[in-house]
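Analysis of the macromolecular model
Read off the chains here:
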Amino acid sequence: AIDTFTGFSCLEDLETLCISNNQLSTFEGLGNLPNLRILSVSNNFIPDFKQFPFLPSLYCINLSGNPLAEGPLYRVQALAVSTPQLYKIDAQEVTQEEVDGVH
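As a starting point, this report considers the structure included with it. (Residues numbered from 1 in each chain as written. Predicted model: local features only at pLDDT ≥ 70, side-chain atom pairs only at ≥ 80, totals over all residues. Heavy atoms only, no water.)

Pairing between side chains of opposite charge can happen when the charged atoms of each approach one another. Tallied over the full model, the rule gives 1 salt bridge. With its nearest N and O atoms 2.5 Å apart, the salt bridge here joins Arg-75 to Glu-98. Note that Arg-75 is positioned in helix α1 (residues 74-81) and Glu-98 in helix α2 (residues 96-102), a separation of 23 residues in sequence. Each member of the pair Arg-75 and Glu-98 is classed as buried. (Salt bridge = Lys/Arg side-chain N within 4 Å of Asp/Glu carboxyl O. Helix = DSSP H or I, 4+ residues; strand = E, 2+ residues; numbered from the N terminus. Buried < 20%, exposed > 50% of the residue type's maximum accessible area, 1.4 Å probe, protein only.)

Here is the structure:
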């Protein structure tokens, strides 16, 4: 099982990263992925958005099944740490109301 993002940051051309159902507990090490468009890390053990990197091309993220996804403001928090072009969170389109909740 994968328990760290170490090693992925050298893959600057990577567009999709799917590492669901693993042992990840932090975003530490996930960075320098300017072309990453889709990030799927569902069903891991990530408790919060600490160390979530700036991913300028990200438009789709799946974090379901992580402790951080259980809070009532989870989707707004995901938008707050991400880029304006984030379009989908956990396979559901971002709503204007959610976007307004960030600003």
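Here the narrative resumes.
Moving on, we get to the nonpolar core. Formed by 25 residues in total, the largest nonpolar core has its most connected members in Phe-5, Phe-27, Leu-39 and Val-41. In terms of residue count, α1 provides more of this core than any other element does, 3 residues in total. In contact with Phe-5, not counting residues within four places along its chain, are Leu-17, Ile-19, Leu-24, Thr-26, Phe-27, Glu-28, Gly-29, Leu-30 and Val-41. (Core = buried A, V, L, I, M, F, W, Y, C linked by side-chain atoms within 4.5 Å. Contact = heavy atoms within 4.5 Å.)

Moving on to the packing of aromatic side chains. Ring pairs (aromatic) are described by centroid distance and by the angle formed between their planes. For the coordinates displayed, the defined rule picks out 6 aromatic pairs. A ring pair is formed by Phe-27 and Phe-49, whose centres lie 6.3 Å apart and whose planes are at 10°; its orientation type is stacked. Pair noted here: Phe-27 is in the loop between β1 (16-18) and β2 (38-40) and Phe-49 is in the loop between β2 and β3 (60-62), with a separation of 22 residues, a long-range link. Seen from their ring centres, Phe-27 and Phe-52 are 4.9 Å apart, and the 85° between their planes marks the pair as edge-to-face. With Phe-27 in the loop between β1 and β2 and Phe-52 in the loop between β2 and β3, this residue pair connects regions lying 25 residues apart in the sequence. (Phe/Tyr/Trp six-rings, centres within 6.5 Å; stacked < 30°, edge-to-face > 60°.)

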